[in-house]
Amino acid sequence: MHYGHIIAPTPSFIPLPDPKDRIYLDAAVTAQADAIITGNVKHYPQVACPGIDILTLRDFLQRVGA
């Protein structure tokens, strides 16, 4: 069973409302993640995150049935 993977995010220049959040988006894109779980969904506009669902913790827990 895998619990995580170590990756080296490929830097991007994707514009986000808070540029300090870009490292998390870069990691998700590099890892081909399905989603980013955050308490600040407005920092990850869907237009900047194609193919990655941006979820609150509540949304995620509902999705997995917890």
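This text follows the structure it describes.
Just so we're clear, the structure is a prediction, and the values are computed from it rather than from any experiment.

Cut-offs used in this document
Residues numbered from 1 in each chain as written. Predicted model: local features only at pLDDT ≥ 70, side-chain atom pairs only at ≥ 80, totals over all residues. Heavy atoms only, no water. Patch = residues over 30% accessible without salt bridge, like charges linked within 9 Å, V, L, I, M, F, W, Y side chains within 5 Å. Areas by Shrake-Rupley, 256 points an atom, 1.4 Å probe, with all protein chains shown as cover. Salt bridge = Lys/Arg side-chain N within 4 Å of Asp/Glu carboxyl O. Helix = DSSP H or I, 4+ residues; strand = E, 2+ residues; numbered from the N terminus. Buried < 20%, exposed > 50% of the residue type's maximum accessible area, 1.4 Å probe, protein only. Polar contact = N/O pair within 3.5 Å; in protein donor to acceptor, adjacent residues only side chain to side chain. Contact = heavy atoms within 4.5 Å.

Explain a nonpolar patch on the surface to me, and be specific about the residues and the numbers.
Nonpolar side chains collect at one region of the surface, where I37, L57, L61 and V64 lie side by side and expose about 340 Å² of accessible area between them. Summarising the element assignment, L61 is placed in helix 2 (residues 57-64). L61 sits in the partly exposed class, given a relative accessible area of 34%.

How would you sum up unusual backbone geometry? Please name residues and give values.
At Q32, a position not held by glycine, the phi torsion is positive, near 55°. The topology assignment puts Q32 in the loop between helix 1 (22-30) and strand 1 (35-37). By relative accessible area, Q32 is classed as exposed at 69%.

Account for the side chain of D21, naming residues and giving values.
Turning to its location among the elements, D21 is positioned in the segment before helix 1. A distance of 2.6 Å separates a polar atom in the side chain of D21 from a polar atom in the side chain of H43. Contacts of D21, omitting those with residues within four sequence positions, involve L16, H43 and Y44.

Any functional reading would require information beyond the geometric quantities listed.
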